[in-house]
Amino acid sequence: MNAPRPQRPRIVRRAVHGVLLLDKPVGLSSNDALQRAKRLFRAEKAGHTGTLDPLASGLLPLCFGAATKFSQASLDADKRYLATLKLGQTRRGGDLEGEILQERPVNVTHEALRAACDRFTGEIEQLPPMHSALKHEGKALYEYARAGVEVEREPRRVTIHRIDIVEGDRDRWVLDVRCSKGTYIRTLAEDIGEALGCGAHLAALRRTGSGALTLDGALTLEALEAMDEPARDACLLPADALLADCPEVRLGAEDAARFLAGMRRRLALADARQVRVFGPEPHAFLGSAHIVAGELISTRLLSPSEVQGLVTERTERTA
């Protein structure tokens with residue numbers, strides 16, 4: 001008779017608040033990376049800020065506790081990628097994992113690639129690839145693709161702010177792409193390949209930026225695993241890190257309490273689409289808001305217990 005398998009020790013969860021800049025490895029899904037980090041921090045609540053394909057590596061901001069309320073800010077933010085294009089070869093799905101569909105000769109100069117990239121700079125339309133997480137009738141498109149089913153898709157408008165050629169020669173080039181949310185880099189790679197007349201697929205992808213956040217200070221799962229818990233906690237950015245490029249508004253005690261209760265406050269400030277709001281204590285982040293005609297109007301509020309948790313955590317970490 002087989003011996004019973006030893007049970008994994010039960011994880012005692014705890015309230016953790018903040019943002020972790022994770023350097024996700026190739027081969028791991030965003031959710032798998034999130035679950036591993038969540039176990040390491042023993043966090044009660046966690047979420048990621050947008051799917052990064054298993055093929056891709058790089059910046060994956062993870063939110064814990066109160067920070068999860070502001071994940072949409074990172075989802076909506078512009079992105080930056082290092083994309084490696086393999087010219088002369090198209091593949092099913094548009095990346096290295098798909099079967100080869102066609103091979104064509106390559107005779108591409110730096111100038112020709114520059115001209116092709118310029119054609120796709122600015123506001124463009126993209127047809128979402130079948131190998132994407134976009135939903136159709138409740139199922140991700142990649143689920144249909146795996147079953148060999150092609151689903152009709154509508155083109156989507158995205159913005160490519162800039163494409164720089166980092167390095168390359170002949171059939172392999174690395175591009176630095178800055179783009180709006182919702183941009184499919186594998187589709188961009190295929191479109192550039194077709195514009196060059198030789199075809200292309202995405203051979204590698206690394207996300208280097210999301211909004212104001214970059215890979216500077218990002219940690220691998222292996223680095224986190226090698227730390228003790230206090231050292232891990234010290235790596236967390238404040239809960240408002242996803243709003244780092246938004247102006248800061250600080251309120252006195254009375255206004256802070258009323259704002260946290262959902263009441264509008266009169267302020268002599270210019271209109272602003274989004275601001276970070278703090279109470280009188282240094283780490284008392286209250287939530288996000290917008291300013292219209294001198295009124296501070298809450299957009300996303302923390303609970304009083306979450307605010308107190310933030311104050312306590314940041315005080316302990318900086319003590």
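Note that the structure is predicted; figures quoted are calculated from it, not measured.

Help me out: how do you make sense of the pattern of salt bridges in this one?
Where charged atoms from two side chains of opposite charge approach closely, those side chains can pair. Under the definition given, this model contains 24 salt bridges. Put simply, Arg 42 and Glu 229 hold a salt bridge, and the shortest N to O gap is 2.8 Å. With Arg 42 in the loop between helix 1 (30–41) and strand 2 (46–48) and Glu 229 in helix 7 (residues 229–234), the pair connects residues that are 187 residues apart, well separated along the chain. According to the relative accessible area criterion, Arg 42 is partly exposed, its value standing at 24%. Assessed through its relative accessible area of 24%, Glu 229 is described here as partly exposed. Note that Asp 171 and Lys 86 form a salt bridge whose closest N and O atoms lie 3.2 Å from each other. You can see Asp 171 sitting in the loop between strand 10 (156–169) and strand 11 (172–179) and its partner Lys 86 sitting in strand 4 (residues 79–87), a full 85 residues away along the chain. Its relative accessible area of 29% is what places Asp 171 among the partly exposed residues. A single network of salt bridges, built from pairs that share partners, joins Arg 14, Arg 42, Glu 229 and Asp 233.

Hey, could you run me through helix 5 (residues 185–196) in this one?
Residues separated by three or four positions in an α-helix point in the same direction, a consequence of the helix having 3.6 residues per turn. With 12 residues, helix 5 should cover 16 Å at 1.5 Å per step; its first-to-last C-alpha distance of 17 Å lies within 8% of that length. Check the buried side of helix 5 and you find it contacts strand 4, helix 3 (110–119), strand 7 (122–126), strand 10, strand 11 and strand 12 (200–210).

Is there a simple way to explain the side chain of Thr 183 in this structure?
Following the sequence through the fold, Thr 183 ends up in the loop between strand 11 and helix 5. For Thr 183, the residues in contact, after removing those within four places along its chain, are Gln 126, Val 158, Thr 159 and Ile 160.

How should I be thinking about the sheet that holds strand 17 (residues 285–292) in this particular structure?
Strand pairing in a sheet takes place through backbone hydrogen bonds and is either antiparallel or parallel in direction. Taken in spatial order, the 5 strands of this open sheet run 14-16-17-18-15, and their pairing is mixed. Edge strands, defined here as strands with exactly one partner in the open sheet, are strand 14 (248–250) and strand 15 (265–266). As paired elements, strand 15 and strand 18 (residues 295–301) share 2 bridges and run antiparallel to each other. From the neighbouring strand, Arg 265 faces strand 18, where its bridge partner is Leu 296. Contacting strand 15, strand 16 (272–278), strand 17 and strand 18, helix 8 (residues 253–260) runs over the sheet at an angle of about 85 degrees to strand 17.

Help me out: how do you make sense of helix 1 in this one?
Helix length check: helix 1 (12 residues) gives 17 Å between terminal C-alpha atoms against 16 Å at 1.5 Å per residue, within 8%. Turning to helix 1, its buried residues number three or more, namely Ser 30, Ala 33, Leu 34, Ala 37, Lys 38, Leu 40 and Phe 41. For helix 1, the angular spread of buried residues about the axis comes to 160 degrees, placing them on one side. Taken together, the buried residues of helix 1 touch strand 1 (18–24), strand 2, strand 3 (57–64), helix 6 (221–225) and helix 7. Once helix 1 finishes, Arg 42 follows within two positions and takes phi at roughly 55 degrees, a positive value.

Can you help me understand the environment of Asp 255 in this one?
Here Asp 255 shows up in helix 8. Linking Asp 255 and Arg 265, residues 10 residues apart in sequence, is a C-alpha distance of 6.9 Å. A polar contact is formed between the side chain of Asp 255 and the side chain of Arg 265, at a distance of 3.0 Å.

For this particular structure, what's the right way to read the pairing of strand 10?
Working note: regular strand, side chains alternate between the two faces of the sheet. Taken together, the 5 bridges between strand 7 and strand 10 define a ladder with antiparallel strand orientation. By the bridge assignment, Glu 125 is partnered in strand 10 with Arg 157. Bridging between strand 10 and strand 11 involves 8 bridges; their strand directions are antiparallel. Looking across to strand 11, one finds that Asp 169 is bridged to Arg 172. Linkage of strand 10 to strand 11, two consecutive antiparallel strands, is achieved through a turn of 2 residues, within which Arg 170 is found at a positive phi near 50 degrees.

Rules of the game
Residues numbered from 1 in each chain as written. Predicted model: local features only at pLDDT ≥ 70, side-chain atom pairs only at ≥ 80, totals over all residues. Heavy atoms only, no water. Salt bridge = Lys/Arg side-chain N within 4 Å of Asp/Glu carboxyl O. Helix = DSSP H or I, 4+ residues; strand = E, 2+ residues; numbered from the N terminus. Buried < 20%, exposed > 50% of the residue type's maximum accessible area, 1.4 Å probe, protein only. Expected span 1.5 Å × (residues − 1). Contact = heavy atoms within 4.5 Å. Pairing = 2+ DSSP bridges. Axes fitted to C-alpha atoms, helices over the stretch in contact; angles between N-to-C directions. Arc of directions from axis to C-beta. Polar contact = N/O pair within 3.5 Å; in protein donor to acceptor, adjacent residues only side chain to side chain.

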